[in-house]
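Topology and contacts: notes
Next come the chains, spelled out residue by residue.
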Amino acid sequence: EMYCNPLVVDGVIYLLSPQLDVIAADAATGDVIWRFDPSEGRRLMGRYRVRGLSFRADGDDTRLFVGIRHYLYALDARTGKPATGFGDDGKIDLREHLDRAPAHLDVQLSTPGVVFEDLVIVGSTVSEFLPSAYGDIRAYDVRTGELRWAFHTIPRPGEFGHDTWPEDAWRHTGGANSWAGLTLDETRGIVFVPTGSAAFDYYGGDRHGENLFANTLLALDARTGQRRWHFQVVRHDTWDRDLPTAPTLVTVRRGERLIDAVAQPTKSGHLFVLDRKTGESLFPLQEIDVPVSGLPG
């Protein structure tokens with residue numbers, strides 16, 4: 001499958017092949033400059049969806065960040081070789097730092113992260129079945145790969161939103177991940193994070209409650225990961241109503257006033273337009289209760 005949205009920087013096009021080779025080519029001629037094969041010649045089994053890469057330049061240090069299977073790679077944009085000093089030989093294992101045994105987790109990065117100052121901020125794709133990994137949002141140091149902050153989309157005891165789940169649900173549930181991509185307001189230092197449903201995505205009998213921060217647009221401080229505001233689109237999702245795209249930054253005119261907003265589409269065809277600073281809707285909203293099942297639990 002071919003999902004990649006290429007980058008073009010200074011006349012060089014960077015992209016991924018369906019075999020997950022990372023390629024740099026002359027954007028005018030198509031001549032290949034370098035090719036990086038993370039599989040080292042081994043045949044890929046199954047389908048992997050990698051929608052693109054992130055780029056960062058700091059003087060002569062130019063890096064590409066790309067998620068392939070459960071790794072986040074940092075590559076030297078000039079040579080295609082793994083960046084020296086980043087993680088373990090130029091990559092970090094995204095299954096780590098999730099408070100569960102890494103070997104038993106399915107965690108991928110199908111959509112590129114965003115680069116902000118000296119951080120690369122990523123979501124993840126995790127299993128929609130149980131057991132599932134947490135959908136934590138994480139920021140890594142662009143030079144070393146060190147984990148700088150993490151936001152728990154399934155709040156732990158004592159964290160805001162924990163009371164919207166059963167007391168011990170955080171021990172076994174997963175998901176509430178951001179697979180669709182993140183959007184950065186660089187001026188305000190805000191990263192906007194759309195999340196999906198909690199696992200298991202078609203059954204909620206073991207996670208009664210509103211289930212923050214599943215199905216939510218989160219506004220996080222890009223430097224610290226602290227929550228600035230949130231807007232939950234669906235309470236206690238049992239129909240896989242993930243927020244399926246990164247939101248778009250827009251400016252809305254109201255009379256003589258301009259309002260910086262963020263527009264978030266949904267799977268159901270709605271478009272929520274929210275004030276970037278406060279999360280307040282720019283249009284009237286009505287929250288509607290849905291019928292409750294008669295099945296026990």
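The structure we're discussing is the one just above.
The text that follows walks through the structure, step by step, so that each part is easy to find. (Residues numbered from 1 in each chain as written. Predicted model: local features only at pLDDT ≥ 70, side-chain atom pairs only at ≥ 80, totals over all residues. Heavy atoms only, no water.)

1. Focus on empty space enclosed by the protein
Heads up, the condition is: Within this scheme a cavity is a closed region of a 1 Å grid, computed over the protein atoms alone, that accommodates a 1.4 Å probe without allowing it to escape, whereas a pocket is open but has protein on both sides within 12 Å along at least five of seven lines; lining residues each have an atom within 4 Å of a point. Grid points are joined across faces, edges and corners, and a volume is the space filled by probe spheres set on the points. When residues are sorted by character, Ala, Val, Leu, Ile, Met, Phe, Trp, Tyr, Cys and Pro go into the nonpolar class, Asp, Glu, Lys and Arg into the charged class, and all the rest, Gly among them, into the polar class. Numbering of helices and strands runs from the N terminus, with a helix taken as a DSSP run of H or I at least four residues long and a strand as a DSSP run of E at least two residues long.
Tallied over the entire structure, the rule returns three cavities of 30 Å³ or more. Looking at the largest cavity, its volume works out to about 60 Å³. In this structure, the largest cavity is lined by Glu-1, Met-2, Tyr-3, Cys-4, Leu-16, Ser-17, Pro-18, Leu-20, Tyr-48, Arg-49 and Val-50. Of the residues contributing to the lining of the largest cavity, the split by class is eight nonpolar, one polar and two charged. Looking at the second largest cavity, its volume works out to about 40 Å³. As for the second largest cavity, its lining consists of Arg-56, Asp-61, Arg-63, Phe-65, Val-142 and Arg-143. Element by element, the count of residues in the lining of the second largest cavity is highest for strand S6 (residues 61-68), at three residues. In the lining of the second largest cavity, the residues fall into two nonpolar, no polar and four charged.

2. Some remarks on the sheet that holds strand S10 (residues 114-116)
Hydrogen bonds between backbone groups are what pair the strands of a sheet, and the pairing can be parallel or antiparallel. Our working definition: In this description, strands pair whenever DSSP reports at least two bridges between them. To obtain an axis, a line is fitted to C-alpha atoms, over the contacting stretch when the element is a helix, and the angle between two such axes runs from 0 to 180 degrees between their N-to-C directions.
Sheet architecture is open: four strands sit in the order S10-S11-S13-S14, paired in antiparallel fashion. Only two strands of the sheet have a single neighbouring strand rather than two, namely S10 and strand S14 (147-151). Neighbour-to-neighbour, the strand axes of the sheet open up by a mean angle of 20°, direction not taken into account. When strand S11 (residues 119-122) meets strand S13 (residues 137-141), the two strands line up antiparallel, connected through four bridges.

3. Section: the layout of surface pockets
Estimates place the volume of the largest pocket at around 1,500 Å³. If you trace the largest pocket, you find 38 residues lining it, with Val-234, Arg-235, His-236, Ile-288 and Val-290 closest to the centre. At the level of elements, strand S20 (227-232) and strand S23 (271-275) are the ones that each hand at least two residues to the lining of the largest pocket. The element contributing the most residues to the lining of the largest pocket is S20, with three residues. Considered as a void within the structure, the second largest pocket measures approximately 420 Å³ in volume.

4. A short note on unusual backbone geometry
Residue Pro-131 follows Leu-130 across a cis peptide bond; omega there is 0°. As for its position among the elements, Pro-131 is in the loop between strand S12 (125-126) and S13. Residue Ala-199 is joined to Phe-200 through a cis peptide bond whose omega torsion reads -5°. Within the fold, Phe-200 resides in the loop between strand S18 (198-199) and strand S19 (216-221).

5. Focus: the environment of Val-50
In plain terms, the rule: Contact definition: two residues touch when any of their heavy atoms are within 4.5 Å.
If you trace the backbone, Val-50 turns up in the loop between strand S4 (32-36) and strand S5 (54-58). Each C-alpha atom of the pair Val-50 and Asp-136 lies 19 Å from the other, and the pair is 86 residues apart in sequence. Beyond its immediate sequence surroundings of up to four residues, Val-50 is in contact with Tyr-3, Cys-4, Leu-16, Leu-20, Val-66, Gly-67 and Ser-110.

6. Some details on the packing of aromatic side chains
Applicable threshold: Here a pair means two rings of Phe, Tyr or Trp (six-membered ring of Trp) with centres within 6.5 Å. Their orientation is stacked below 30 degrees between planes, edge-to-face above 60, and tilted elsewhere. Exposure classes here rest on a 1.4 Å probe applied to the protein chains alone. A residue is buried below 20% of its type maximum, exposed above 50%, and partly exposed in between.
Throughout the structure, instances matching the rule amount to 11 aromatic pairs. A ring pair is formed by Tyr-14 and Trp-34, whose centres lie 6.3 Å apart and whose planes are at 45°; its orientation type is tilted. Linking Tyr-14 in strand S2 (residues 12-16) with Trp-34 in strand S4, this pair joins segments that are 20 residues apart in sequence. Using a relative accessible area of 7% as the deciding quantity, one classes Trp-34 as buried. Between Phe-160 and Phe-213, the aromatic rings sit 6.3 Å apart at their centres with planes inclined by 20°, giving stacked as the arrangement. Here Phe-160, found in the loop between S14 and helix H1 (169-172), pairs with Phe-213, found in the loop between S18 and S19; they are 53 residues apart in sequence, far enough to count as distant. Taking relative accessible area as the criterion, Phe-160 reaches 47% and is therefore assigned partly exposed.

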